[in-house]
Each structure stands twice: as structure tokens, then as C-alpha cells.
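Chain residues, written in single-letter form:
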Amino acid sequence: MIISRRDFLKVAGVGGAVFLMGPRNLAEAADGHSTQDDFFFVQMSDTHWGFNDPKINPDSQGTLKKAIAYVNSLETQPDFIAFTGDLTHNTEDPGERRKRMAEFRDIISELKVKNIKFLPGEHDASFDKGEAFQEFFGKTHYIFDHKGVHFIAIDNVSEKTSTIGDAQLQWLSEILKPLDKESPIVVLTHRPLFDLLPKWDWWTQDGAKAMELLMPFKNVIVLYGHIHQENHHVAGHIPLYSARGLMYPLPAPASLPKRIQLPWDPADPYKGMGFRGVEARAGKTGNPEYQLTGYSVINKGGGYR
Amino acid sequence: MRSVSGERSAGGLIIILFLICLAVDVFAADQAEQIIRITAKKFEYSPNEIRLKKGVPAVLEFTSLDRLHGFICPDLDIRTDINPGKVSTVRLVPQKAGTYDFHCDIFCGEGHEDMAGTIIVEE
Ligand SMILES: [Cu+2]
Ligand SMILES: [Fe+2]
């Protein structure tokens, strides 16, 4: 096990474990689970660097830095960290956009972990089809493997109307074609791939096409951002989990007439904000389980689930 | 008797025809397309509240006053690009009374996320 016992108990104590099937080729330890291929990674999302409204977040300059300090303080350091979009808050000025991206890059260089994956959000990429994003953070869709798990980063923000687009869908189908249907796959993306709440723009217009391509695979999970809160949904057999944001929370789906940024609560600073830890650990059958843990911006003594 | 009766029937027929004409007229007026002209500009639609009658064909005519915008009303399954200097038309026959939110689905600027409105379908 790579996660500390203390952290693990914290997680277990607040519930929220997610069990999924995964690769069968993991070596089994005496207690029935593999140790060599267990891993832990962190998802951070919607940092909206450049956002400035003290009524919404009076610590807009400090929130991300505090979350980074929290990640750095975790007893078990993640193998990698994935930023699932809206790294910066949108600006029409291409110079200002690059300035925000440069500042963001400098701030996150404080992370102890240097293996970092970046995805764009519509705030980063929609004005220039991801041009500035690519200058700073590389490709907007890509794959990587980690300890037997295939990670697929899908860009659903660079196209004009919140779509993945036919070219990328074609790429996705080619990526998936050679994979065994049992292969463990983790999809990282910014917007929900299902119709969470289309009238609030909480969907991907052609997300169903990506889900259709993923459906034959038995061990898929999708991690995304965009809605600035936790949401757990299962489409067919595929669970989709959104993460909290790190600048402002948004209301629960359709809980308010409008999708407004929720104002700062002085009684509970950083309320509704945070990041996520994902532990991939071989289960008793040899298949891995993913255990998700929510963390606040500052250490309040445990995960929030 | 006959002629009187005939006169009566003729008079009755005229009245009935008149009533039919009236009814058809009212019906036709009711069924005429509702045409709504909507302008889009950073970052609002005008009007941003559109009232439609259930079951009556509606034509929404959009023009942009500045740049490319989008219009999407997911729950009514309608969308269009809105270009400057061009009318984009969306046709629908609303089937169910209710309130339907729409928004701009093309990132058009810093206030893009507030660019939204509602369609109210009345019985
Ligand atoms: Cu977003
Ligand atoms: Fe966001």
C-alpha cells in the first residue's frame, strides 16, 4: 500500500469508497492484494487563475497556493497530478491569457510532484482553440499509461460549441480499438460527457458519442471538472465523477434558478472547494479498486467524504 | 310552407356559413406562425424572455449586432449560430407549456457565461 494507514483510515472513516474491476495481471500480496502496482494520484480542477471578485473569493490569490501546500503535506505523495481544466479564468486579451497561464505554471511549480498532466477548460481554450494552452501545457488530448491503467485525456472545450469533434472521436476510436475489453481505463476530461444539466451548459454536445465508444469496455471511470462540485453519476456501467474547484463553488444542479458563483461564506472559508485523491489499489480478486477521497483547500483534519 | 321553410333553411345556412367563416378566421389567426425577432450582442439577447403559445408554430429570427454568438435551448432541442449581418432562423412547434432556459454556446467573451434567457410556452 502506498497511501498511509492514517490517511486511509480517514478516507475509510468518511466513506465514499468506489470499487471497480481492473487488470487481472497484478501480483497478489499475502493479504490478498497487489502492492507493486498500487498507486495514488491527485486531481485538481477549475483553479480559474486570474479570477478576481472578493465577494466570491477574497483569497483568490491564495486558494491555489494553499491547496498546493496541502498536496505537498500529504504523507503519501501522488504519482502524478492531473489538472482537469479551467486552469485560468477567461480573458479576451491574448496577452493577459498568456500572463495568467505563466503565473499558473509558476505557482504550481511549487508542487513537490513534478509529473503533472494538464487538460484545458473552456476558459483556457475556447477563445483561441487552445493555442495559448498548447504553448504552455502541450497537447489538449493525449494518452498515457500508468501502472497498467490506460489514461485518456479528452478535450471537449477547444471546439466552438462544447464538442469533442469528429476528428478527436475518430482518434478516440482508434486508441480504443486495440485494447482488451477488460483493460482498465481512466478518462480525464473537463466537461461532463453525459447530459448532467444541458440548460446550465453542464454537458458535452457530442459526449454521447464518446460514451458509446467507451461502453464496450468493462473497467472505465471518467473524472472531470467544470461544475465546481462533486457529482457522482453512472451511465450504463461507467461511473463519472466530477471534482470540486479551487476558486469558487457552483450550485447543485438546478438548485437555484441561475448557475451563479456561490458567494464566500466567512463562517466557513473555502467552503465547497478542494481537490481529490484517487487511490488505485488491487482488490482481492486481483482487480483494482479506485478509492476517491475529497480534500478541502486547507487541512481541516480529514477528507470530506 | 315550403318556401318559408326554404327561406329559413337558406337563412340558417348563411348564418352557419358565417359562423364557420368566423371560426376558420379565428382558427387561422391562432395558427399563424408566431414570429419573434431576437438580437444578440455581448452578452445579452433582446428580448431575453420569449413567450410562445403551445402548439402554435413559432419562428425565431436571430441576428447578431457584434460577433458570432450561439443560441441553444437544450430542453426544446433547438440551436443555431448567430452571425452578424445575417438572419438565422429556428422553427419549432412547442409541445408542452413550461419555462425553458436557453444560453449562448459559443464562448463569445468575458461575460459569455451570463448570456442566457428563457422561453416561456403558454397554454
Ligand atoms: Cu468549465
Ligand atoms: Fe470552471
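Note that this is a predicted model, so its numbers are computed, not measured.

### Description of the overall build of chain B
Part 1 of the argument: Within chain B one finds one helix and nine strands.
Part 2 of the argument: Going residue by residue from the N terminus, the α and β elements of chain B occur as α-β-β-β-β-β-β-β-β-β.
Part 3 of the argument: Taking all 123 residues of chain B together, the buried fraction comes to 37%.
Part 4 of the argument: Across chain B, the fraction of contacts at a sequence separation of at least 24, relative to all contacts at a separation of at least 6, is 63%.
Part 5 of the argument: Accessible area for chain B stands at about 7200 Å²; split by element, carbon and sulfur atoms hold 57% of it.

### As for the coordination of the iron ion (ligand 2)
Residues and elements named next belong to chain A.
Part 1 of the argument: For the iron ion (ligand 2), every protein donor is listed as Asp-46 (OD), His-48 (NE2), Asp-86 (OD) and His-228 (NE2), and the spread of their distances is 2.1 to 2.3 Å.
Part 2 of the argument: Note that the iron ion (ligand 2) binds four donor atoms; their angles at the metal cover 85 to 176°, and the shape is irregular.
Part 3 of the argument: Each donor residue of the iron ion (ligand 2) belongs to the same chain, and together they define the spacing D-x1-H-x37-D-x141-H.
Part 4 of the argument: The metal-metal distance between the iron ion (ligand 2) and the copper ion (ligand 1) is 3.5 Å, with Asp-86 coordinating both. Remark: His-228 occurs in the loop between strand E8 (219-224) and strand E9 (231-235) and His-48 occurs in the loop between strand E2 (39-44) and helix H2 (63-73); sequence separation between them is 180 residues.

### Remarks on the nonpolar core
All names here are of chain A.
Part 1 of the argument: Counting 32 residues, the largest nonpolar core has Leu-176, Ile-185, Val-187 and Leu-240 as its most contacted members.
Part 2 of the argument: Elements supplying a minimum of two residues to this core: strand E6 (149-154), helix H6 (166-176), strand E7 (184-189), helix H7 (207-214), E8 and strand E10 (238-242).
Part 3 of the argument: Broken down by element, this core gets its largest block of residues, four residues, from H6.
Part 4 of the argument: Beyond its immediate chain neighbours, meaning those up to four positions away, Val-187 contacts Ile-152, Ile-154, Leu-193, Leu-214, Val-220, Ile-221, Val-222 and Leu-223.
Part 5 of the argument: Within the second largest apolar cluster, 31 residues are counted, among which are Trp-49, Leu-87, Phe-118 and Tyr-295.

### Quick look at the confidence of the model for chain A
Part 1 of the argument: Averaged over every residue, the pLDDT of chain A is 88; residues scoring 70 or more account for 85%.
Part 2 of the argument: Across residues 1-30 of chain A the pLDDT falls below 50, and counting only partners more than four positions away or on other chains, this stretch makes 76 contacts in the model.

### Some words on the interface of chain A and chain B
Part 1 of the argument: Facing 18 residues of chain A, the contacting portion of chain B comprises 17 residues.
Part 2 of the argument: Taken together, the two surfaces of chain A and chain B that pack against each other cover about 1500 Å², and 49% of this comes from carbon and sulfur.
Part 3 of the argument: Looking only at chain A, the three residues that lose the most surface to chain B are A:Glu92, A:Lys160 and A:Lys199, adding up to 35% of its buried area.
Part 4 of the argument: Scanning the region where chain A abuts chain B turns up three salt bridges.
Part 5 of the argument: Between A:Glu92 and B:Lys42 there is a salt bridge, with its nearest N and O atoms 2.8 Å apart.
Part 6 of the argument: On the surface where chain A and chain B come into contact, there are eight residue pairs in polar contact (both at pLDDT 80 or more).
Part 7 of the argument: Taken together, the residues that form the side of chain A that touches chain B break down as five nonpolar, six polar and seven charged.

### Describing the coordination of the copper ion (ligand 1)
Part 1 of the argument: The copper ion (ligand 1) binds to the protein through A:Asp86 (OD), A:Glu122 (OE), A:Glu122 (OE), A:His190 (NE2) and A:His226 (ND1), with metal-donor distances spanning 2.1 to 2.5 Å.
Part 2 of the argument: Here the donor residues of the copper ion (ligand 1) share one chain and are spaced in sequence as D-x35-E-x67-H-x35-H.

### Some details on the packing of H6(A) against H7(A)
For any two helices packed against each other, the geometry is given by the interaxial angle and the distance between the axes.
Residues and elements named next belong to chain A.
Part 1 of the argument: Between H6 and H7, whose axes approach to 10 Å, the crossing angle comes to 10°. Taken as axis vectors, H6 and H7 run roughly parallel relative to one another. Between H6 and H7, the residues in contact are Asp-166, Leu-169, Leu-172, Ser-173 and Leu-176 and Lys-209, Ala-210, Leu-213 and Leu-214, respectively.
Part 2 of the argument: A breakdown of the residues in the contact of H6 with H7 according to their chemical character gives six nonpolar, one polar and two charged.

### Brief notes about the packing of H2(A) against helix H3 (residues 94-108) of chain A
Residue and element names in this part refer to chain A.
Part 1 of the argument: With their axes 10 Å apart at the nearest point, H2 and H3 run at an angle of 30° to one another. By the criterion of interaxial angle, the relationship of H2 to H3 is roughly parallel. Here H2 and H3 pass one another in a crossing that is right-handed. Two secondary-structure elements touch here, H2 through Leu-64, Lys-65 and Ile-68 and H3 through Phe-104, Ile-107 and Ile-108.
Part 2 of the argument: Taken together, the residues of the contact of H2 with H3 sort by class into five nonpolar, no polar and one charged.

### Examining unusual backbone geometry
Part 1 of the argument: With an omega of -5°, the peptide bond running from B:Lys42 to B:Phe43 counts as cis.
Part 2 of the argument: As for its position among the elements, B:Phe43 is in the loop between strand E1 (34-41) and strand E2 (44-46).
Part 3 of the argument: Of note, the phi angle at A:Asp86 is positive, near 55°, even though the residue is not glycine.
Part 4 of the argument: If you trace the backbone, A:Asp86 turns up in the loop between strand E3 (80-84) and H3.
Part 5 of the argument: Judged by its relative accessible area of 1%, A:Asp86 falls in the buried class.
Part 6 of the argument: Residue A:Ala254 is not a glycine yet carries a positive backbone phi of 60°.
Part 7 of the argument: Assignment of secondary structure puts A:Ala254 in the loop between E10 and strand E11 (275-282).
Part 8 of the argument: According to the relative accessible area criterion, A:Ala254 is partly exposed, its value standing at 46%.

### Describing the packing of aromatic side chains
All names here are of chain A.
Part 1 of the argument: Under the counting rule described, the total for this entry stands at 27 aromatic pairs over all chains.
Part 2 of the argument: Centroid distance Phe-41 to Phe-80: 4.8 Å. Interplanar angle 10°. Geometry classified as stacked. With Phe-41 in strand E2 and Phe-80 in strand E3, this residue pair connects regions lying 39 residues apart in the sequence. Each member of the pair, Phe-41 as well as Phe-80, carries the same accessibility label: buried.
Part 3 of the argument: Between Phe-275 and Tyr-295, the aromatic rings sit 5.1 Å apart at their centres with planes inclined by 15°, giving stacked as the arrangement. One end of the pair, Phe-275, is in strand E11; the other, Tyr-295, is in strand E12 (residues 288-295), and 20 residues separate them in sequence. In terms of burial, Phe-275 and Tyr-295 fall into one category: buried.
Part 4 of the argument: Grouped by ring-pair contacts, the aromatic residues Phe-39, Phe-41, Phe-80, Tyr-142, Phe-144 and Phe-151 constitute a single cluster.

Cut-offs and rules
Residues numbered from 1 in each chain as written. Chains lettered and ligands numbered in written order. Predicted model: local features only at pLDDT ≥ 70, side-chain atom pairs only at ≥ 80, totals over all residues. Heavy atoms only, no water. Helix = DSSP H or I, 4+ residues; strand = E, 2+ residues; numbered from the N terminus. Buried < 20%, exposed > 50% of the residue type's maximum accessible area, 1.4 Å probe, protein only. Contact = heavy atoms within 4.5 Å. Areas by Shrake-Rupley, 256 points an atom, 1.4 Å probe, with all protein chains shown as cover. Donors = N, O, S within 2.8 Å, 3.2 Å for Na, K, Ca; no water. Tetrahedral: all angles 85-135°; square planar, octahedral: opposite > 155°, others 65-115°. Core = buried A, V, L, I, M, F, W, Y, C linked by side-chain atoms within 4.5 Å. pLDDT = per-residue confidence, 0-100. Buried area = accessible area lost by both parts, 1.4 Å probe. Salt bridge = Lys/Arg side-chain N within 4 Å of Asp/Glu carboxyl O. Polar contact = N/O pair within 3.5 Å; in protein donor to acceptor, adjacent residues only side chain to side chain. Nonpolar A, V, L, I, M, F, W, Y, C, P; charged D, E, K, R; others polar. Axes fitted to C-alpha atoms, helices over the stretch in contact; angles between N-to-C directions. Parallel < 35°, antiparallel > 145°, perpendicular 65-115°, else oblique. Left-handed = near helix turned anticlockwise from the far one by under 90°. Phe/Tyr/Trp six-rings, centres within 6.5 Å; stacked < 30°, edge-to-face > 60°.

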